[in-house]
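So you can see what is in the structure, the chains are spelled out below.
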Amino acid sequence: MDPRPDLAAFLTAERLPEAYRDVIETLWTPLAGRVAALPRPAFIGLCGPQGSGKSTGAAALKLLLEAHGLRVATLSIDDFYLTRAERLALADAVHPLLATRGPPSTHDLALMTATIDRLLAGESVALPAFDKSADDRRPEGEWPRFEGPADIALLEGWCVGARPQPDGSLAEPVNPLEREADPAGIWRRHVNTALATYQPLFDRIDWLIQLLPPSFETVTGWRREQEARLPSRLMTDDQIAVFVQHYERITRWIIAEMPARADAVIRLDADRRPITG
């Protein structure tokens, strides 16, 4: 099949500037070619910090792979958050910071694993969906349905493919949130232990793509820009600064540790443009 999708329609649908066409042609198109050559079905991971363009990249990759004649199921790790009630119960039982969605242990790992298992087995699957405005999972009747079989299962998320930190790295807090709300390290040790339980799923990823920011400090600005583009803002800038601190430790670890083992590392500048050369 001639892999030439309608990029103009894609840019319009995704509300992207014309300049993103060059990113698709120079970055995502060759990556799609490499993914299309993998044995099928293939499980692809796309990792990147908040605001780095994961969702847009996943959509572009899906478009290009479909132009190769492949059936692609895209999933976001965000859609596998525990329900609000489940997170509040976890916060009550372990640590109050676990009420905030995002870090490992706040996802329904069993649901995520079962969904990907079914996709890779060629089944048709209802894909979980999370409503961030309500901070809760959508009713199952509202989940979009993927009609199998899938050639590609593409999972994107801020910690997709991440590995736990060495225990010795957990002692010192990395930001005011950890210093003030987790002085004994209970929350961060729980999150790190939970991340270890994600490894059986992450180890099955056939091809891991990493979006690499220039530094962690860039991420807060990206997250603020992301919030500003929403039809109705859910958080103020100050709230975003605190929210991002929940992700900081693992994001810094991913920036340091993952590039040596990811199958494709896409280095970004402060404007989220891929750095070439």
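Keep in mind that what you see is a predicted model, and the values were worked out from it rather than measured. (Residues numbered from 1 in each chain as written. Predicted model: local features only at pLDDT ≥ 70, side-chain atom pairs only at ≥ 80, totals over all residues. Heavy atoms only, no water.)

Glancing now at helix 5 (residues 109–120). A turn of α-helix holds 3.6 residues, and therefore any two residues three or four places apart point the same way. Between its terminal C-alpha atoms helix 5 stretches 16 Å, which fits the 16 Å expected from 12 residues at 1.5 Å a residue. Within helix 5 the residues assigned to the buried category are Leu109, Met112, Thr115, Ile116 and Leu119. On an axial view of helix 5, the arc spanned by its buried residues comes to 135°, and they lie on one face. Trailing helix 5 by a residue or two, glycine 122 shows a phi angle of about 90°, which is positive. (Helix = DSSP H or I, 4+ residues; strand = E, 2+ residues; numbered from the N terminus. Expected span 1.5 Å × (residues − 1). Buried < 20%, exposed > 50% of the residue type's maximum accessible area, 1.4 Å probe, protein only. Arc of directions from axis to C-beta.)

What follows is about the sheet that holds strand 1 (residues 42–47). The strand order 2-7-1-8-9 describes an open sheet built from five strands, whose pairing is parallel. At either end of the open sheet lies a strand with only one pairing partner, and these are strand 2 (72–76) and strand 9 (264–267). Adjacent strand axes in the sheet meet at a mean angle of 15°, parallel and antiparallel pairs treated alike. Here strand 1 pairs with strand 8 (residues 207–212) via four bridges, running parallel. Within strand 8, the position partnered with leucine 46 by the bridge is isoleucine 209. (Pairing = 2+ DSSP bridges. Axes fitted to C-alpha atoms, helices over the stretch in contact; angles between N-to-C directions.)

Viewed as axis vectors pointing N to C, helix 9 (residues 217–228) and helix 10 (residues 237–257) meet at an angle of 135°, and their least axial separation amounts to 9 Å. Judged on the interaxial angle alone, helix 10 and helix 9 are oblique. Helix 10 is crossed by helix 9, and the crossing has right-handed handedness. Across from Glu217, Val219, Thr220, Arg223, Arg224 and Glu227 in helix 9, the residues of helix 10 making contact are Asp237, Ile240, Ala241, Phe243, Val244 and Arg252. (Parallel < 35°, antiparallel > 145°, perpendicular 65-115°, else oblique. Left-handed = near helix turned anticlockwise from the far one by under 90°. Contact = heavy atoms within 4.5 Å.)

With that settled, the discussion passes to helix 10. Taking 1.5 Å as the rise per residue, helix 10 with 21 residues should run 30 Å; its terminal C-alpha atoms sit 29 Å apart, in good agreement. The largest bend along helix 10 reaches roughly 50° and is located at tyrosine 247. Within helix 10, burial applies to Ile240, Phe243, Val244, Gln245, His246, Tyr247, Glu248, Arg249, Ile250, Thr251, Ile254 and Glu257. Among the structural elements, strand 1, helix 6 (176–181), helix 7 (186–197), strand 8 and helix 9 are those in contact with the buried residues of helix 10. (Bend = angle between axes of the 7 residues up to and from the residue.)

The subject of this paragraph is the nonpolar core. Ranked by internal contacts, the top residues of the largest apolar core, which has 47 residues, are Phe43, Ile77, Met112, Leu119, Leu155, Ile250 and Ile254. Mapped by element, the contributors of at least two residues to this core are strand 1, strand 2, helix 4 (84–93), helix 5, strand 7 (152–157), helix 7, helix 8 (199–202) and helix 10. Leaving out residues up to four positions away in the same chain, leucine 155 has contacts with Phe43, Ile44, Gly45, Leu46, Leu75, Ser76, Ile77, Met112, Ile116 and Val160. Among the nonpolar cores identified, the runner-up in size contains 34 residues, and Trp28, Leu46, Leu154 and Leu211 belong to it. (Core = buried A, V, L, I, M, F, W, Y, C linked by side-chain atoms within 4.5 Å.)

Moving on, we come to the pairing of strand 7. Counting buried positions along strand 7 gives six out of six residues, so the element sits mostly inside the fold. Side chains Ile152, Leu154 and Glu156 project from strand 7 onto one buried face, and the interleaved Ala153, Leu155 and Gly157 project onto a second face that is buried too. As paired elements, strand 1 and strand 7 share six bridges and run parallel to each other. Its bridge partner lying in strand 7, isoleucine 44 is registered against leucine 154. Pairing of strand 2 with strand 7, which is carried by five bridges, proceeds in the parallel orientation. Bridge assignment links threonine 74 to a residue of strand 7, and that residue is leucine 154.

Applying the stated criterion across every chain, the model contains 23 salt bridges. Across the pair aspartate 78 and lysine 132 runs a salt bridge, and its minimum N-O distance is 2.7 Å. Of this pair, aspartate 78 sits in the loop between strand 2 and helix 4 while lysine 132 sits in the loop between strand 4 (130–131) and strand 5 (136–137); the two residues are 54 residues apart in sequence, bridging distant segments of the chain. The class of aspartate 78 is buried, set by a relative accessible area of 17%. Overall, lysine 132 belongs to the partly exposed group, its relative accessible area being 39%. Several salt bridges share partner residues, and in doing so they unite Arg84, Arg87, Arg101 and Asp135 into one network. (Salt bridge = Lys/Arg side-chain N within 4 Å of Asp/Glu carboxyl O.)

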